[in-house]
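# Structural description and commentary
What follows is the residue order along each chain.
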Amino acid sequence: MKKNYPPGFSYPEFAPMFTAEFFDPNQWADIFQRAGAKYVVLTSKHTEGYALWPNPYGFSWNSVEVGPGKDLVSELEQAIRTKTDLKFGLYNSLLEWYQYSYEKDKANNWTTRDFPVKKCIPTLKELITRYKPDVLWSDGEWEAPDTYWGSEEFLAWLYNDSPVKDVIVTNDRWGSQTQGKHGGFYNFADKYNPGVLIPHKWENAMTVDKNAWTYRRNARLSDFLTPEELISTIVQTVACGGNILVNVGPTKEGTIAVIMEERLLQMGEWLGINGEAIYGSVPWTRQKDTVTKGVWYTTNKDKSKVYAMTLNWPGTKITLGSITSTSKMTVQMLGASGDLQWIRAEGGGIKIAVPRPDEIKSKW
């Protein structure tokens, strides 16, 4: 800051630099659809309190009155709901650092509740009532208990009286002690990927940029997940019963960086062929194979199919130690036609003959 900005430069002076002049919500919607996503979550307000909609409780600190001059939440919400079949979700940070009433409540060891009563909860209700999201992704809860935030009372309103009471889904970030205990789905920590089955529905919130959740002008190619690393994370997450929220950080001009767009479209290419093993799947009795490393399993809801996803091209043969063979069993590869030949493997499991890459629809 000392090197690049004048003495006394304050954080609010960044707002006019956020222009979003190239923001095209229809393009974003198209990218997300082609990426194979089923829901999108926009950061409507982060921990500095700046809102991407005309929040009446935000003291003019929003994208309509300072910066782009646009209701960015509304523009993306309309594009998602008119151009795609994705569910529309909104992220909201409960806390706002440096907000006077929040800092005062904090200094009082949370014995006063001016901030949640006058700012936080009214903002949440306004956001829900105005945009009617399908997902409410809460964050910024960790400093104070749920009793300070009034989470129980708000969630009672959300699920019983709000305009989205019959469709809304929420996560577990509603107080310093609530992660992994309360919520429609659990997030636990960021980039949570346990590698084992979690019995309650959960979500792995992770980033394409390994080092940041935001756009970085100084990022290098090596800082981004490769397509293989991204697919590997998806496969492991879903095999263990999770959903995955893939974060990309837009630029101040309102664009999605080309490298991030490419990763999303590569994800969509893979899902276009292998999505049957992902969408609507449920965990199998085994999450990963007992013999071949890098093989993860899912099954369909009636358990009539088992999907084995390998993270490495197996060559001409692959052994699946977790599969018990039966006389009526058939083996197929998604993206390839016909049945694959297989035999019982010594020591248990089955050994499958794998077609050449040029015999299937994609190199994946």
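Residues numbered from 1 in each chain as written. Predicted model: local features only at pLDDT ≥ 70, side-chain atom pairs only at ≥ 80, totals over all residues. Heavy atoms only, no water.

### Notes on the packing of aromatic side chains
The condition that has to hold: Only Phe, Tyr and Trp rings take part, Trp by its six-membered ring, and two of them pair if their centres are within 6.5 Å. Stacked means planes under 30 degrees apart, edge-to-face means over 60, and tilted covers everything else. In this text, helices come from DSSP runs of H or I with a minimum length of four residues, and strands from runs of E with a minimum of two, each type numbered from the N-terminal end. Exposed residues in this analysis have more than 50% of their type's maximum accessible area, buried residues have under 20%, and partly exposed residues fall in between, with area computed by a 1.4 Å probe over protein chains only. Over a ring means this: the NZ of a Lys or the CZ of an Arg is within 6 Å of the ring centre and within 35 degrees of the ring normal.
Overall, the coordinates contain 23 aromatic pairs when judged by the stated rule. Relative to W137, the ring of Y91 has its centre 5.7 Å away and its plane inclined at 20 degrees; by these criteria the two rings are stacked. With Y91 in strand β2 (residues 87-93) and W137 in strand β3 (residues 135-139), this residue pair connects regions lying 46 residues apart in the sequence. Comparing Y91 with W137, the two get one shared label, buried. Members of the aromatic cluster, joined through ring pairs, are Y5, F9, Y11, F14, F18, Y50 and W61. Over the aromatic face of Y279 sits the side chain of K38, whose NZ or CZ is 4.6 Å from the ring centroid.

### Some words on the environment of F154
Under the convention used in this document: Any two residues whose heavy atoms approach within 4.5 Å at even a single point are treated as in contact.
In this fold, F154 is placed in helix α6 (residues 151-160). The spacing of F154 and Y279 is 125 residues in sequence and 31 Å in space, taken between C-alpha atoms. When residues no more than four places from it in sequence are discounted, the contact partners of F154 are I121, L124, K125, I128, L136 and W174.

### What about the sheet that holds strand β11 (residues 350-353)?
As a reminder of what qualifies: One requirement defines pairing of two strands: DSSP has to find at least two bridges between them. Geometry is summarised by axes, namely lines fitted to C-alpha atoms with helices restricted to the contacting stretch, and by angles between N-to-C directions that run from 0 to 180 degrees.
Taken together, the three strands give an open sheet; going across it, the order is β9-β11-β10, and neighbouring strands pair in antiparallel fashion. Unpaired on one side and paired on the other, β9 (317-320) and β10 (342-344) mark the two borders of the sheet. In this sheet, adjacent strand axes meet at a mean angle of 20 degrees when their direction is disregarded. Of the pairings in the sheet, the one linking β9 to β11 comprises four bridges and is antiparallel in character. Residue pairing in the sheet places I318 in a bridge with I352 of β11.

### A closer look at the sheet that holds strand β1 (residues 39-45)
What links the strands of a sheet is backbone hydrogen bonding, and the strands pair in either a parallel or an antiparallel sense. With parallel pairing, the four strands of this open sheet are ordered in space as β1-β2-β3-β4. Every interior strand has two partners, whereas the edge strands, β1 and β4 (169-170), have only one. Seen against the sheet, helix α2 (residues 72-83) touches β1 and β2 and runs at an angle of roughly 155 degrees to β2.

### Focus: the environment of M260
Structurally, M260 can be placed in helix α8 (residues 258-274). Here M260 falls in the buried class, since its relative accessible area comes to 2%. With near-sequence residues (within four places) excluded, M260 lies in contact with V208, D209, F224, V248 and G249.

### Points about the side chain of S162
With respect to the helices and strands, S162 occurs in the loop between α6 and β4. Apart from residues no more than four positions distant in its own chain, S162 is found in contact with I128 and W157.

### So, a nonpolar patch on the surface
The cut-off we apply is this: Patches here: salt-bridge-free residues with over 30% relative accessible area, like charges joined within 9 Å, nonpolar side chains (Val, Leu, Ile, Met, Phe, Trp, Tyr) joined within 5 Å. Accessibility throughout is a Shrake-Rupley quantity obtained with a 1.4 Å probe, and a residue counts as covered only by protein chains that appear here. In the sections that follow, a salt bridge refers to a side-chain nitrogen of Lys or Arg positioned within 4 Å of a carboxyl oxygen of Asp or Glu.
A contiguous nonpolar surface patch, about 410 Å² in accessible area, is contributed by W97, Y98 and W142. Mapped onto the elements of the fold, W97 is located in the loop between β2 and α3 (100-107). Residue class for W97 comes out partly exposed when judged on its relative accessible area of 34%.

### Comments concerning the packing of α3 against helix α4 (residues 114-131)
The relative placement of two packed helices is expressed as an angle between their axes plus a distance between the axes. Which entries qualify depends on this criterion: For classification purposes, angles smaller than 35 degrees are called roughly parallel, those larger than 145 roughly antiparallel, those between 65 and 115 roughly perpendicular, and all remaining angles oblique. Each crossing gets its handedness from the near helix: less than a right angle anticlockwise from the far helix is left-handed, clockwise is right-handed. Each residue is assigned to one of three groups, with Ala, Val, Leu, Ile, Met, Phe, Trp, Tyr, Cys and Pro labelled nonpolar, Asp, Glu, Lys and Arg labelled charged, and all others, Gly among them, labelled polar.
Where α3 meets α4, the axes come as close as 8 Å, and the angle between the chain directions of the two elements is 150 degrees. Classified by the angle their axes make, α3 and α4 are roughly antiparallel. As α3 runs across α4, the sense of the crossing is left-handed. Touching S101, Y102 and D105 of α3 are D114, F115 and P116, all from α4. Residues belonging to the contact of α3 with α4 are distributed by class as follows: three nonpolar, one polar and two charged.

### Description of the pattern of salt bridges
Enumeration according to the criterion identifies 16 salt bridges in this entry. Residues R81 and E77 are paired through a salt bridge, measuring 2.9 Å at the closest nitrogen-oxygen approach. With a gap of four residues between them, R81 and E77 both fall in helix α2, about one helical turn apart. Judged by relative accessible area, R81 falls into the partly exposed class, the value being 33%. The buried category is assigned to E77, whose relative accessible area is 14%. For E126, the salt bridge is made with R130, and the minimal N-O distance between the two is 2.8 Å.

### Thoughts on the UniProt feature "domain: Glycoside hydrolase family 29 N-terminal" (unreviewed entry) in the chain
For clarity, the threshold we go by: UniProt positions are given in the numbering used here, feature names are shortened, and annotations may be inferred rather than shown by experiment.
According to UniProt, the feature "domain: Glycoside hydrolase family 29 N-terminal" (unreviewed entry) maps to residues 1-276 in the numbering used here. In residues 1-276, the share of helix is 33% and the share of strand is 12%. The end C-alpha atoms are 49 Å apart.

### What about the packing of α4 against α6?
Between α4 and α6, the least distance of the axes is 11 Å, while the angle of their chain directions is 15 degrees. In terms of orientation, α4 lies roughly parallel with respect to α6. Handedness of the α4/α6 crossing: right-handed. Contacts from I121, L124, K125, I128 and T129 in α4 reach F154, W157 and L158 in α6. The class makeup of the residues in the contact of α4 with α6 is six nonpolar, one polar and one charged.

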